[in-house]
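# Fold and geometry: a report
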Amino acid sequence: MEFQAVVMAAGGGSRMTDLTSSIPKPLLPVGNRPLLWYPLNLLERAGFEEVIVITRKEIQKMLNLDTKMKLDFVCISDNMDMGTADSLRHIHQKIKTDVLVLSCDLITDVDLYKVVDLFRTHDATLSMLMKKSHEPTEVVPGQKGKKKPVEQRDFIGVDDTGRRLLFVANEADLDEELVIKRSILQKHPRMHIRTGLMDAHLYCLKKYVVDFLVENRSITSLRSELIPHLVRKQFSSPTSLQQGLDNREEDQKKKEQTSLDIYSFIKEDNSLLKPAADNSCWNDHRGDMNETLHEGKVRCYVHIMKEGLCYRVNTLGLYIEANRQVPKLLLNLGVEEPLVHGSAQITDRGMVGSDSIIGSSTQVGEKTSIKHSIIGSMCTIKDKVKITNCIIMNSVTIEEGCCLQGSVICHNAVIEKGADIKDCLIGSDQRLETKAKHVNEVIVGTEQLMEI
(Lines give C-alpha, C1' and ligand atoms only; values in the text may rest on other atoms or scores of the structure.)
Protein backbone atom coordinates (compact mmCIF):
# COMPACT_ATOMS: atom_id res chain seq x y z
CA MET A 1 0.00 0.00 0.00
CA GLU A 2 1.16 3.56 -0.68
CA PHE A 3 -0.34 4.57 2.69
CA GLN A 4 0.74 3.93 6.23
CA ALA A 5 -2.20 3.21 8.51
CA VAL A 6 -2.43 4.68 12.01
CA VAL A 7 -5.13 3.80 14.57
CA MET A 8 -5.63 6.16 17.50
CA ALA A 9 -6.38 4.04 20.59
CA ALA A 10 -5.10 6.09 23.52
CA GLY A 11 -8.17 8.22 24.32
CA GLY A 12 -9.93 7.81 27.63
CA GLY A 13 -13.52 7.94 26.38
CA SER A 14 -14.40 11.16 28.20
CA ARG A 15 -18.03 11.13 27.00
CA MET A 16 -18.70 7.66 28.44
CA THR A 17 -16.70 7.66 31.67
CA ASP A 18 -19.32 5.52 33.43
CA LEU A 19 -18.12 2.66 31.18
CA THR A 20 -14.48 3.58 30.61
CA SER A 21 -13.64 4.26 34.27
CA SER A 22 -13.07 0.53 34.67
CA ILE A 23 -12.68 -0.67 31.05
CA PRO A 24 -10.33 1.17 28.65
CA LYS A 25 -12.28 2.41 25.65
CA PRO A 26 -10.39 0.36 22.98
CA LEU A 27 -11.21 -2.79 24.98
CA LEU A 28 -14.94 -2.18 25.38
CA PRO A 29 -16.66 -5.31 24.05
CA VAL A 30 -18.89 -4.80 21.01
CA GLY A 31 -20.39 -8.09 19.87
CA ASN A 32 -17.85 -9.84 22.14
CA ARG A 33 -14.95 -8.26 20.26
CA PRO A 34 -12.85 -5.37 21.57
CA LEU A 35 -13.79 -2.06 19.98
CA LEU A 36 -10.29 -1.80 18.49
CA TRP A 37 -10.90 -4.96 16.41
CA TYR A 38 -13.31 -3.13 14.09
CA PRO A 39 -10.99 -0.47 12.56
CA LEU A 40 -8.22 -3.08 12.36
CA ASN A 41 -10.55 -5.45 10.52
CA LEU A 42 -11.49 -2.64 8.13
CA LEU A 43 -7.80 -2.12 7.31
CA GLU A 44 -7.10 -5.83 6.96
CA ARG A 45 -9.98 -6.27 4.52
CA ALA A 46 -8.57 -3.39 2.46
CA GLY A 47 -5.21 -5.17 2.13
CA PHE A 48 -3.07 -3.45 4.75
CA GLU A 49 -0.30 -5.62 6.18
CA GLU A 50 1.06 -3.26 8.86
CA VAL A 51 -0.62 -0.79 11.21
CA ILE A 52 0.76 1.66 13.75
CA VAL A 53 -1.42 1.58 16.89
CA ILE A 54 -1.04 4.51 19.28
CA THR A 55 -2.22 3.36 22.69
CA ARG A 56 -1.27 3.01 26.36
CA LYS A 57 0.76 0.26 28.01
CA GLU A 58 -2.12 -1.16 30.05
CA ILE A 59 -4.23 -1.50 26.90
CA GLN A 60 -1.47 -3.23 24.93
CA LYS A 61 -0.97 -5.75 27.75
CA MET A 62 -4.66 -6.69 27.78
CA LEU A 63 -5.12 -6.92 24.01
CA ASN A 64 -5.59 -10.31 22.39
CA LEU A 65 -6.41 -9.61 18.76
CA ASP A 66 -6.92 -12.13 15.99
CA THR A 67 -5.24 -10.45 13.00
CA LYS A 68 -2.69 -11.34 10.33
CA MET A 69 -1.40 -7.77 10.21
CA LYS A 70 1.80 -6.66 11.89
CA LEU A 71 0.84 -4.29 14.71
CA ASP A 72 3.44 -1.68 15.64
CA PHE A 73 2.38 -0.46 19.08
CA VAL A 74 3.49 2.99 20.19
CA CYS A 75 2.60 3.52 23.84
CA ILE A 76 1.94 6.93 25.32
CA SER A 77 2.65 7.52 28.98
CA ASP A 78 -0.43 7.58 31.21
CA ASN A 79 0.48 11.05 32.50
CA MET A 80 0.59 12.51 28.98
CA ASP A 81 -2.63 14.18 27.86
CA MET A 82 -2.38 14.13 24.07
CA GLY A 83 -4.84 15.22 21.43
CA THR A 84 -5.08 13.37 18.12
CA ALA A 85 -2.77 15.83 16.35
CA ASP A 86 -0.30 15.52 19.24
CA SER A 87 -0.37 11.73 18.85
CA LEU A 88 0.34 11.92 15.11
CA ARG A 89 3.17 14.36 15.81
CA HIS A 90 4.52 11.95 18.42
CA ILE A 91 5.11 9.23 15.78
CA HIS A 92 6.20 11.50 12.93
CA GLN A 93 9.58 9.74 12.57
CA LYS A 94 7.76 6.53 11.64
CA ILE A 95 5.73 8.24 8.90
CA LYS A 96 7.45 7.86 5.52
CA THR A 97 4.44 8.10 3.14
CA ASP A 98 0.94 9.53 2.98
CA VAL A 99 -1.08 8.35 5.95
CA LEU A 100 -4.54 6.92 6.71
CA VAL A 101 -5.65 7.80 10.25
CA LEU A 102 -8.58 6.09 12.02
CA SER A 103 -10.06 6.30 15.49
CA CYS A 104 -10.39 3.11 17.53
CA ASP A 105 -14.09 3.83 18.09
CA LEU A 106 -15.07 3.65 14.40
CA ILE A 107 -17.33 0.75 13.39
CA THR A 108 -18.27 0.78 9.70
CA ASP A 109 -18.75 -1.43 6.67
CA VAL A 110 -17.68 1.36 4.28
CA ASP A 111 -15.76 0.46 1.14
CA LEU A 112 -12.47 2.06 2.19
CA TYR A 113 -11.39 2.51 -1.43
CA LYS A 114 -14.12 5.12 -1.93
CA VAL A 115 -12.25 7.41 0.46
CA VAL A 116 -8.80 6.42 -0.80
CA ASP A 117 -9.73 6.82 -4.48
CA LEU A 118 -10.94 10.40 -3.85
CA PHE A 119 -7.51 11.10 -2.42
CA ARG A 120 -5.68 9.52 -5.35
CA THR A 121 -7.86 10.86 -8.17
CA HIS A 122 -7.70 14.48 -7.09
CA ASP A 123 -4.17 14.45 -5.62
CA ALA A 124 -5.89 15.67 -2.47
CA THR A 125 -4.34 17.05 0.70
CA LEU A 126 -7.17 15.48 2.68
CA SER A 127 -10.00 13.05 2.05
CA MET A 128 -12.30 12.03 4.87
CA LEU A 129 -15.42 10.00 5.68
CA MET A 130 -18.77 11.33 6.87
CA LYS A 131 -22.21 9.85 7.35
CA LYS A 132 -25.58 11.16 8.41
CA SER A 133 -25.62 11.18 12.20
CA HIS A 134 -28.32 9.30 14.06
CA GLU A 135 -29.74 9.40 17.54
CA PRO A 136 -29.77 6.14 19.53
CA THR A 137 -33.22 4.57 19.39
CA GLU A 138 -32.97 2.64 22.67
CA VAL A 139 -33.38 4.03 26.17
CA VAL A 140 -29.95 4.94 27.56
CA PRO A 141 -29.41 3.59 31.10
CA GLY A 142 -29.55 6.27 33.76
CA GLN A 143 -30.69 9.01 31.39
CA LYS A 144 -34.47 8.61 31.28
CA GLY A 145 -36.15 11.83 32.34
CA LYS A 146 -32.91 13.81 32.16
CA LYS A 147 -32.43 16.66 29.76
CA LYS A 148 -30.26 15.67 26.82
CA PRO A 149 -27.09 17.72 26.40
CA VAL A 150 -27.38 19.96 23.36
CA GLU A 151 -24.95 18.86 20.65
CA GLN A 152 -23.27 21.65 18.71
CA ARG A 153 -23.94 21.18 14.99
CA ASP A 154 -21.28 21.07 12.31
CA PHE A 155 -21.91 23.07 9.13
CA ILE A 156 -20.38 21.29 6.15
CA GLY A 157 -20.14 23.00 2.74
CA VAL A 158 -19.70 20.86 -0.39
CA ASP A 159 -19.77 21.57 -4.13
CA ASP A 160 -22.35 20.32 -6.64
CA THR A 161 -20.69 16.90 -6.80
CA GLY A 162 -21.05 16.49 -3.02
CA ARG A 163 -17.38 15.49 -2.82
CA ARG A 164 -15.29 18.66 -2.72
CA LEU A 165 -15.13 19.92 0.87
CA LEU A 166 -15.40 23.71 0.79
CA PHE A 167 -16.38 24.79 4.27
CA VAL A 168 -16.30 23.38 7.82
CA ALA A 169 -17.48 25.17 10.94
CA ASN A 170 -18.89 24.17 14.30
CA GLU A 171 -21.87 25.99 15.76
CA ALA A 172 -19.88 26.78 18.90
CA ASP A 173 -17.34 28.75 16.86
CA LEU A 174 -19.91 30.92 15.06
CA ASP A 175 -21.54 34.20 16.01
CA GLU A 176 -25.17 34.72 15.12
CA GLU A 177 -24.60 34.26 11.40
CA LEU A 178 -22.77 31.95 9.01
CA VAL A 179 -20.15 33.86 7.02
CA ILE A 180 -18.76 32.41 3.78
CA LYS A 181 -15.64 34.05 2.35
CA ARG A 182 -15.93 35.67 -1.05
CA SER A 183 -12.83 33.77 -2.25
CA ILE A 184 -14.74 30.49 -1.85
CA LEU A 185 -17.85 31.68 -3.67
CA GLN A 186 -15.79 33.11 -6.53
CA LYS A 187 -14.48 29.64 -7.32
CA HIS A 188 -17.58 27.73 -6.24
CA PRO A 189 -20.66 29.96 -6.62
CA ARG A 190 -22.94 27.03 -5.77
CA MET A 191 -22.29 25.57 -2.35
CA HIS A 192 -24.50 23.15 -0.46
CA ILE A 193 -24.44 23.63 3.32
CA ARG A 194 -25.27 20.45 5.21
CA THR A 195 -25.88 19.78 8.88
CA GLY A 196 -26.51 16.48 10.64
CA LEU A 197 -23.34 14.83 9.32
CA MET A 198 -21.02 12.85 11.56
CA ASP A 199 -17.26 13.04 11.13
CA ALA A 200 -16.20 9.38 11.19
CA HIS A 201 -12.61 10.25 12.17
CA LEU A 202 -11.17 8.50 9.11
CA TYR A 203 -8.68 10.72 7.28
CA CYS A 204 -6.29 10.29 4.34
CA LEU A 205 -3.53 12.90 4.72
CA LYS A 206 -0.52 13.87 2.67
CA LYS A 207 2.86 13.24 4.26
CA TYR A 208 3.56 16.99 4.19
CA VAL A 209 0.59 17.54 6.54
CA VAL A 210 2.41 15.47 9.17
CA ASP A 211 5.57 17.53 8.52
CA PHE A 212 3.47 20.66 8.99
CA LEU A 213 2.12 19.36 12.32
CA VAL A 214 5.64 18.68 13.58
CA GLU A 215 6.47 22.37 13.21
CA ASN A 216 3.08 23.80 14.15
CA ARG A 217 2.64 22.57 17.71
CA SER A 218 -0.29 24.88 18.44
CA ILE A 219 -2.61 22.39 16.68
CA THR A 220 -3.60 19.61 19.10
CA SER A 221 -6.74 18.10 17.50
CA LEU A 222 -7.22 16.69 14.00
CA ARG A 223 -10.99 17.14 13.90
CA SER A 224 -11.50 20.52 15.53
CA GLU A 225 -8.28 22.29 14.47
CA LEU A 226 -6.33 20.65 11.63
CA ILE A 227 -9.26 19.74 9.34
CA PRO A 228 -10.87 23.24 9.46
CA HIS A 229 -7.42 24.77 8.91
CA LEU A 230 -6.79 22.69 5.77
CA VAL A 231 -10.27 23.44 4.41
CA ARG A 232 -9.74 27.20 4.89
CA LYS A 233 -6.28 27.07 3.29
CA GLN A 234 -7.76 25.87 -0.01
CA PHE A 235 -8.91 29.42 -0.74
CA SER A 236 -6.13 31.50 0.75
CA SER A 237 -2.78 32.46 -0.72
CA PRO A 238 0.53 31.24 0.67
CA THR A 239 1.93 33.53 3.33
CA SER A 240 4.40 35.85 1.57
CA LEU A 241 7.18 37.89 3.03
CA GLN A 242 6.90 41.63 2.64
CA GLN A 243 10.01 43.05 1.13
CA GLY A 244 12.00 46.01 2.48
CA LEU A 245 10.86 45.89 6.09
CA ASP A 246 12.94 48.18 8.27
CA ASN A 247 11.94 46.55 11.53
CA ARG A 248 14.02 43.38 11.96
CA GLU A 249 11.71 41.95 14.61
CA GLU A 250 8.76 42.33 12.27
CA ASP A 251 10.79 40.69 9.51
CA GLN A 252 11.64 37.75 11.75
CA LYS A 253 7.99 37.39 12.74
CA LYS A 254 6.97 37.21 9.07
CA LYS A 255 9.58 34.53 8.41
CA GLU A 256 8.29 32.46 11.31
CA GLN A 257 4.74 32.77 9.99
CA THR A 258 5.89 31.61 6.56
CA SER A 259 7.71 28.60 8.03
CA LEU A 260 4.43 27.54 9.68
CA ASP A 261 2.37 27.93 6.51
CA ILE A 262 1.13 24.65 5.02
CA TYR A 263 2.19 25.77 1.53
CA SER A 264 5.84 25.84 2.55
CA PHE A 265 5.69 22.07 3.22
CA ILE A 266 4.26 21.10 -0.19
CA LYS A 267 6.90 19.56 -2.42
CA GLU A 268 7.12 20.85 -5.98
CA ASP A 269 6.83 17.49 -7.70
CA ASN A 270 4.58 18.52 -10.58
CA SER A 271 7.02 20.70 -12.54
CA LEU A 272 6.18 18.90 -15.77
CA LEU A 273 2.59 20.05 -15.42
CA LYS A 274 3.45 23.73 -15.15
CA PRO A 275 3.94 24.38 -18.90
CA ALA A 276 0.67 22.53 -19.53
CA ALA A 277 -1.08 24.67 -16.96
CA ASP A 278 0.25 27.85 -18.53
CA ASN A 279 -0.30 26.90 -22.16
CA SER A 280 -3.39 24.69 -22.03
CA CYS A 281 -6.29 25.89 -24.13
CA TRP A 282 -8.60 24.22 -21.56
CA ASN A 283 -8.39 27.33 -19.46
CA ASP A 284 -11.97 27.90 -18.41
CA HIS A 285 -12.94 27.44 -14.75
CA ARG A 286 -15.19 24.46 -15.41
CA GLY A 287 -12.71 22.48 -17.50
CA ASP A 288 -11.97 18.90 -16.44
CA MET A 289 -8.25 19.63 -16.00
CA ASN A 290 -8.83 22.87 -14.14
CA GLU A 291 -8.66 21.40 -10.66
CA THR A 292 -5.33 19.66 -11.20
CA LEU A 293 -3.65 22.40 -13.22
CA HIS A 294 -5.11 25.71 -12.11
CA GLU A 295 -6.50 25.46 -8.58
CA GLY A 296 -4.64 25.75 -5.30
CA LYS A 297 -2.34 23.02 -4.09
CA VAL A 298 -4.39 22.35 -0.96
CA ARG A 299 -7.48 20.30 -1.88
CA CYS A 300 -9.93 18.66 0.51
CA TYR A 301 -12.54 16.00 -0.27
CA VAL A 302 -15.21 14.06 1.59
CA HIS A 303 -16.98 10.77 0.96
CA ILE A 304 -20.47 10.95 2.48
CA MET A 305 -21.89 7.45 3.03
CA LYS A 306 -25.45 7.15 1.78
CA GLU A 307 -26.04 3.57 2.95
CA GLY A 308 -24.38 1.02 5.19
CA LEU A 309 -23.38 1.12 8.85
CA CYS A 310 -21.12 3.75 10.36
CA TYR A 311 -20.88 4.42 14.10
CA ARG A 312 -18.58 6.44 16.30
CA VAL A 313 -18.83 4.60 19.61
CA ASN A 314 -18.16 7.62 21.81
CA THR A 315 -21.25 7.74 24.05
CA LEU A 316 -23.10 5.15 26.11
CA GLY A 317 -26.11 5.42 23.79
CA LEU A 318 -24.03 4.76 20.68
CA TYR A 319 -22.21 1.91 22.43
CA ILE A 320 -25.58 0.23 23.03
CA GLU A 321 -26.74 0.98 19.47
CA ALA A 322 -23.55 -0.51 17.97
CA ASN A 323 -24.05 -3.72 19.92
CA ARG A 324 -27.64 -3.93 18.65
CA GLN A 325 -26.38 -3.75 15.06
CA VAL A 326 -23.48 -6.20 15.44
CA PRO A 327 -25.18 -9.37 14.11
CA LYS A 328 -26.10 -7.54 10.88
CA LEU A 329 -22.66 -5.89 10.69
CA LEU A 330 -20.74 -9.15 11.06
CA LEU A 331 -22.85 -10.60 8.27
CA ASN A 332 -21.97 -7.62 6.05
CA LEU A 333 -18.28 -8.05 6.90
CA GLY A 334 -18.40 -11.69 5.86
CA VAL A 335 -17.51 -12.96 9.34
CA GLU A 336 -18.70 -16.56 9.27
CA GLU A 337 -18.93 -17.51 12.92
CA PRO A 338 -21.92 -18.90 14.82
CA LEU A 339 -23.61 -16.33 17.03
CA VAL A 340 -23.61 -18.92 19.83
CA HIS A 341 -20.04 -20.04 20.55
CA GLY A 342 -19.43 -23.78 20.27
CA SER A 343 -18.18 -24.02 23.86
CA ALA A 344 -21.27 -22.33 25.37
CA GLN A 345 -23.50 -24.69 27.36
CA ILE A 346 -27.18 -23.88 26.87
CA THR A 347 -29.92 -26.10 28.27
CA ASP A 348 -32.86 -24.73 26.23
CA ARG A 349 -31.47 -23.45 22.93
CA GLY A 350 -34.97 -22.66 21.69
CA MET A 351 -35.16 -19.85 24.27
CA VAL A 352 -32.16 -17.99 22.82
CA GLY A 353 -33.18 -15.47 20.15
CA SER A 354 -31.67 -15.73 16.68
CA ASP A 355 -30.30 -12.18 16.98
CA SER A 356 -28.46 -12.80 20.27
CA ILE A 357 -24.75 -13.55 20.69
CA ILE A 358 -23.44 -15.95 23.38
CA GLY A 359 -19.70 -15.98 24.16
CA SER A 360 -17.32 -18.86 24.86
CA SER A 361 -17.66 -21.05 27.96
CA THR A 362 -20.86 -19.33 29.07
CA GLN A 363 -23.41 -21.51 30.88
CA VAL A 364 -27.16 -20.90 30.54
CA GLY A 365 -29.61 -22.72 32.83
CA GLU A 366 -33.06 -24.20 32.27
CA LYS A 367 -36.08 -22.11 31.26
CA THR A 368 -33.87 -19.08 30.72
CA SER A 369 -34.90 -16.67 27.94
CA ILE A 370 -32.36 -14.49 26.09
CA LYS A 371 -33.64 -12.05 23.44
CA HIS A 372 -31.94 -9.22 21.49
CA SER A 373 -28.90 -9.46 23.78
CA ILE A 374 -25.12 -9.89 23.76
CA ILE A 375 -23.72 -12.27 26.39
CA GLY A 376 -19.95 -12.35 26.96
CA SER A 377 -17.57 -15.19 27.76
CA MET A 378 -17.33 -17.21 31.00
CA CYS A 379 -20.75 -16.04 32.23
CA THR A 380 -23.01 -18.10 34.49
CA ILE A 381 -26.71 -17.53 33.92
CA LYS A 382 -28.84 -19.76 36.10
CA ASP A 383 -32.42 -21.07 35.79
CA LYS A 384 -35.57 -19.07 35.01
CA VAL A 385 -33.75 -15.87 34.07
CA LYS A 386 -35.19 -13.38 31.54
CA ILE A 387 -32.74 -11.21 29.62
CA THR A 388 -34.03 -8.76 26.98
CA ASN A 389 -32.14 -5.98 25.12
CA CYS A 390 -29.09 -6.30 27.36
CA ILE A 391 -25.31 -6.25 27.03
CA ILE A 392 -23.70 -8.66 29.48
CA MET A 393 -19.90 -8.51 29.55
CA ASN A 394 -17.47 -11.28 30.59
CA SER A 395 -17.53 -13.40 33.77
CA VAL A 396 -20.91 -12.10 34.97
CA THR A 397 -23.03 -14.23 37.29
CA ILE A 398 -26.83 -13.93 37.16
CA GLU A 399 -28.64 -16.07 39.72
CA GLU A 400 -32.06 -17.77 39.58
CA GLY A 401 -35.22 -15.88 38.76
CA CYS A 402 -33.65 -12.56 37.74
CA CYS A 403 -35.23 -10.28 35.16
CA LEU A 404 -32.95 -7.92 33.20
CA GLN A 405 -34.18 -5.49 30.56
CA GLY A 406 -32.43 -2.73 28.57
CA SER A 407 -29.33 -2.83 30.77
CA VAL A 408 -25.54 -3.00 30.50
CA ILE A 409 -23.82 -5.32 33.00
CA CYS A 410 -20.03 -4.92 33.12
CA HIS A 411 -17.30 -7.51 33.79
CA ASN A 412 -17.42 -9.70 36.92
CA ALA A 413 -20.71 -8.31 38.24
CA VAL A 414 -22.95 -10.57 40.34
CA ILE A 415 -26.74 -10.25 40.22
CA GLU A 416 -28.27 -12.22 43.11
CA LYS A 417 -31.53 -14.22 43.11
CA GLY A 418 -34.75 -12.58 42.01
CA ALA A 419 -33.27 -9.19 41.13
CA ASP A 420 -35.30 -7.00 38.75
CA ILE A 421 -33.12 -4.62 36.70
CA LYS A 422 -34.44 -2.26 34.04
CA ASP A 423 -32.58 0.41 32.03
CA CYS A 424 -29.54 0.34 34.29
CA LEU A 425 -25.77 0.37 33.96
CA ILE A 426 -24.10 -1.96 36.47
CA GLY A 427 -20.34 -1.36 36.74
CA SER A 428 -17.54 -3.92 36.88
CA ASP A 429 -17.30 -6.04 40.06
CA GLN A 430 -20.64 -4.75 41.43
CA ARG A 431 -22.88 -7.06 43.45
CA LEU A 432 -26.65 -6.54 43.60
CA GLU A 433 -28.52 -8.05 46.54
CA THR A 434 -31.24 -10.71 46.40
CA LYS A 435 -34.55 -9.37 45.06
CA ALA A 436 -33.02 -5.94 44.45
CA LYS A 437 -35.07 -3.63 42.20
CA HIS A 438 -33.39 -0.92 40.15
CA VAL A 439 -34.81 1.23 37.35
CA ASN A 440 -32.94 3.86 35.33
CA GLU A 441 -29.84 3.84 37.55
CA VAL A 442 -26.08 3.93 37.09
CA ILE A 443 -24.45 1.72 39.73
CA VAL A 444 -20.66 1.83 39.65
CA GLY A 445 -17.88 1.90 42.23
CA THR A 446 -18.31 4.67 44.82
CA GLU A 447 -15.05 6.30 43.75
CA GLN A 448 -16.30 6.37 40.14
CA LEU A 449 -19.91 7.40 40.78
CA MET A 450 -20.96 10.36 38.66
CA GLU A 451 -24.04 12.01 37.24
CA ILE A 452 -24.51 11.47 33.50
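Notes on the structure in this doc start here. (Residues numbered from 1 in each chain as written. Predicted model: local features only at pLDDT ≥ 70, side-chain atom pairs only at ≥ 80, totals over all residues. Heavy atoms only, no water.)

### Focus on the side chain of Ser 127
- Following the sequence through the fold, Ser 127 ends up in strand E8 (residues 126-132).
- Among the polar contacts listed, one links the side chain of Ser 127 to the backbone oxygen of Val 115, at a separation of 3.0 Å.
- Here Ser 127 is in contact with Val 115, Leu 118, Phe 119, Leu 202, Tyr 203, Cys 204 and Tyr 301, once residues within four sequence places are set aside. (Helix = DSSP H or I, 4+ residues; strand = E, 2+ residues; numbered from the N terminus. Polar contact = N/O pair within 3.5 Å; in protein donor to acceptor, adjacent residues only side chain to side chain. Contact = heavy atoms within 4.5 Å.)

### Quick notes on the packing of helix H7 (residues 207-215) against helix H8 (residues 222-233)
- Where H7 meets H8, the closest approach of the two axes is 13 Å, and the angle between their N-to-C directions is 115°. The hand of the H7/H8 crossing is right-handed. Every residue of H8 that contacts H7 at Val 209, Phe 212 and Leu 213 is listed here: Leu 222, Leu 226, His 229 and Leu 230.
- Of the residues assigned to the contact of H7 with H8, the class counts are six nonpolar, one polar and no charged. (Axes fitted to C-alpha atoms, helices over the stretch in contact; angles between N-to-C directions. Left-handed = near helix turned anticlockwise from the far one by under 90°. Nonpolar A, V, L, I, M, F, W, Y, C, P; charged D, E, K, R; others polar.)

### A look at the pattern of salt bridges
- Counted according to the given criterion, the structure contains 17 salt bridges.
- The salt bridge partner of Arg 312 is Asp 105, with a shortest N-O separation of 2.6 Å. You can see Arg 312 sitting in strand E14 (residues 310-312) and its partner Asp 105 sitting in the loop between strand E6 (98-103) and strand E7 (106-108), a full 207 residues away along the chain.
- Residue class for Arg 312 comes out buried when judged on its relative accessible area of 9%.
- Residue classification places Asp 105 among the buried residues on the basis of a relative accessible area of 0%.
- Between Glu 171 and Arg 153 there is a salt bridge, with its nearest N and O atoms 3.3 Å apart. On the criterion of sequence distance, the pair formed by Glu 171 in the loop between strand E10 (165-170) and helix H6 (182-187) and Arg 153 in the loop between E8 and strand E9 (154-158) is long-range, its members being 18 residues apart.
- Looking at Arg 153, the relative accessible area reads 41%, which means it is partly exposed.
- Put simply, Asp 98, Asp 123, Lys 206 and Arg 299 are held in one network by salt bridges that share partners. (Salt bridge = Lys/Arg side-chain N within 4 Å of Asp/Glu carboxyl O. Buried < 20%, exposed > 50% of the residue type's maximum accessible area, 1.4 Å probe, protein only.)

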